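# Secondary and tertiary structure notes
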Amino acid sequence: QVHDSAINSFFLLDRFEYQDADEGSTLAWDASGWLGGDINRVWFRSEGERTNGVTEDAELQLLYGRSIGPWWDVVAGVRQDFKPESPQTWAAFGIQGLALYDFEAEATAFIGENGQTAARLEGEYDILLTNRLILQPTAEVNFYGKNDPERGVGSGLANTELGLRLRYEIVRQFAPYIGVSWSRSYGNTADLVREDDGDVSEARFVAGIRVWF
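Residue indices begin from 1 for each chain and proceed along its sequence in written order. Whole-chain, interface and lining totals are the exception, using all residues; otherwise, since this is a predicted model, local features are given only for residues with pLDDT of at least 70 and side-chain atom pairs are given and counted only at 80 or more. Where side-chain values are given, they derive from all heavy atoms of the structure, hydrogens and water being excluded.

Another aspect to go through is the overall build of the protein chain. Only DSSP runs of H or I covering at least 4 residues are called helices, and only runs of E covering at least 2 are called strands; the numbering of each starts at the N terminus. Along the protein chain, the regular secondary structure elements total 1 helix and 13 strands. Each helix (α) and strand (β) of the protein chain, taken in turn from the N terminus, gives the series β-β-β-β-β-β-β-β-β-β-β-β-α-β. Seen through its principal axes, the protein chain has C-alpha atoms that stretch 55 × 40 × 30 Å. We call two residues in contact whenever any of their non-hydrogen atoms come within 4.5 Å of each other. Sequence separation of 24 or more characterises 44% of the internal contacts of the protein chain that already satisfy a separation of 6 or more. The charge count includes Lys and Arg as positive and Asp and Glu as negative, but it does not include His or the ends of the chains. Here the site of a charge means NZ on Lys, CZ on Arg, CG on Asp, or CD on Glu. When the 18 basic and 34 acidic side-chain charges of the protein chain are each reduced to a single mean position, those positions are 4 Å apart.

Written out as structure tokens, the structure is:
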């Protein structure tokens, strides 16, 4: 099998959006990209949010990815959490790609510098209503191996986030959208949220842009 040896790149700002949160106005982002060839690539992922001008969550992942099939990559590297609380570093291992019917999926495991463990499952799917109008359901599930009260997470299933966004591709590379997201905490994480007088479950209206090049 012959592969192109050229070095290429891709950047996707999948979500850059305003959210109408209970505690105020939130600016959230979710971006990813890669640099490399057909088989070996360097990936980055970043996500986070700022509420009322204060950064509540922020993380950056830098990963080496290797293709194991036409639609799947294995990845390994590091994740750096900048917020909440003091920064912490994780080793990251996972798989990402396209499942049946072009369902985009990521499954990543993390090992923290102080023995913490975590896992994250993510998925999204594009439903073409017309050539330019696209409905995108999304889902994210997070698990943690032990309690970390300082950062507000407990062992087991910690939280989920579901989203539904409707975008209009003015051009393929640029699309404004509106939608809703719903997040919920569970188990020990929900107990920690209640102790901090937070909401265990919250729905938000969102509006933003999606850009890629």
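There is more to say after this.
It is worth spelling out the packing of aromatic side chains at this point. For Phe, Tyr and Trp, where Trp contributes only its six-membered ring, two rings pair if their centres lie within 6.5 Å, and the inter-plane angle classes them as stacked under 30 degrees, edge-to-face over 60, or tilted in between. Per the counting criterion, the structure on display carries 5 aromatic pairs. Each ring, one from Trp90 and one from Phe110, has its centre 6.3 Å from the other, and the planes form 70 degrees; the classification is edge-to-face. One end of the pair, Trp90, is in strand S6 (residues 88-98); the other, Phe110, is in strand S7 (residues 104-112), and 20 residues separate them in sequence. You can call Phe110 buried: its relative accessible area is 2%. An aromatic cluster is present here, built from Phe11, Phe44 and Phe213 joined pairwise through their rings. Between Arg41 and the ring centre of Trp34, over which it is positioned, the NZ or CZ distance is 3.6 Å. Between Arg79 and the ring centre of Phe110, over which it is positioned, the NZ or CZ distance is 4.5 Å. Remark: exposure states derive from per-residue accessible area (1.4 Å probe, protein chains only) relative to the maximum for the residue type, with buried under 20%, exposed over 50%, and partly exposed in between. Two thresholds decide whether a charge sits over a ring: the Lys NZ or Arg CZ must be within 6 Å of the ring centre and within 35 degrees of the ring normal.

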